[in-house]
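In case you want the letters, here they are:
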Amino acid sequence: QVQLVESGGGLVQTGGSLRLSCAASGRTFSTYAMGWFRQAPGKEREFVATITWSGGTYYAHSVNGRFTISRDNAKDTVYLQMNSLKPEDTAVYYCAARRDYQSTYYYTGSDDYNYWGQGTQVTVSS
């Protein structure tokens, strides 16, 4: 069992940056694959980025080159550095976790993850 708490959201202008954090409870964080998803008003939740237990990363095409996912296993935290933000990045961002030790598979579906945070709002003004 793991609990996830996101932070770092806010209001930023187009072209600005934000760093989201997701703090996980539990003693086995390093064995989890972690993901970031987002949901804009009136739209379905969509995949943003994922990182494997060993640090491999994969991104949605829409954020590739602008966003960076990383993890600090010593702090039980995963991050999403978001640069060159656009108004279309406006959404509630969710952190997700899946127990997946020794796999290098990149999980991009919402159903792939067992645990979710409560979300943090990111608003990019034009």
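Relevant structure appears above.
This is a predicted model, so every value here is computed, not measured.

Conventions and cut-offs
Residues numbered from 1 in each chain as written. Predicted model: local features only at pLDDT ≥ 70, side-chain atom pairs only at ≥ 80, totals over all residues. Heavy atoms only, no water. Helix = DSSP H or I, 4+ residues; strand = E, 2+ residues; numbered from the N terminus. Rg over C-alpha atoms; globule rule 2.2 N^0.38 Å. Contact = heavy atoms within 4.5 Å. Areas by Shrake-Rupley, 256 points an atom, 1.4 Å probe, with all protein chains shown as cover. Buried < 20%, exposed > 50% of the residue type's maximum accessible area, 1.4 Å probe, protein only. Pairing = 2+ DSSP bridges. Phe/Tyr/Trp six-rings, centres within 6.5 Å; stacked < 30°, edge-to-face > 60°.

Visitor: Is there a simple way to think about the overall build of the protein in this case?
Guide: Within the protein, the secondary structure is distributed over 0 helices and 11 strands. Reading the secondary structure of the protein in the N-to-C direction produces β-β-β-β-β-β-β-β-β-β-β. The C-alpha radius of gyration computed for the protein amounts to 13 Å, which stays within 12% of the reference 14 Å derived for 126 residues, consistent with globular compactness. Counting only C-alpha atoms and orienting by the principal axes, one finds that the protein spans roughly 40 × 25 × 25 Å. Considering only intrachain contacts with a sequence separation of at least 6, the fraction spanning at least 24 residues in the protein is 61%. Surface summary for the protein: the accessible area is close to 6,500 Å², and the carbon and sulfur share equals 44%.

Visitor: I'm lost on the pairing of strand β11 (residues 120-125) in this one. Help?
Guide: Within a regular beta strand, the side chains point alternately toward one face of the sheet and then the other, so they alternate between its two faces. Because side chains alternate across β11, one face comprises the buried residues Thr120, Val122 and Val124, and the other comprises Gln121, Thr123 and Ser125, none of which is buried. Pairing geometry for strand β2 (residues 10-13) and β11, over 4 bridges, is parallel. Residue pairing in the sheet places glutamine 13 in a bridge with serine 125 of β11. In this sheet, β11 lies alongside strand β9 (residues 91-99) in antiparallel orientation, the contact comprising 3 bridges. Bridge pairing in β11 places alanine 91 opposite valine 122.

Visitor: Would you explain the packing of aromatic side chains in this entry?
Guide: What describes a pair of aromatic rings is the distance from one ring centre to the other and the angle between the planes of the rings. Tallied over the entire structure, the rule returns 10 aromatic pairs. An angle of 75° between the planes, with centres 5.8 Å apart, marks the rings of phenylalanine 37 and phenylalanine 47 as edge-to-face. Residue phenylalanine 37 is found in strand β4 (residues 32-39), and its partner phenylalanine 47 is found in strand β5 (residues 46-51); the two are separated by 10 residues along the sequence. Phenylalanine 47 carries the same exposure label as phenylalanine 37, and that label is buried.

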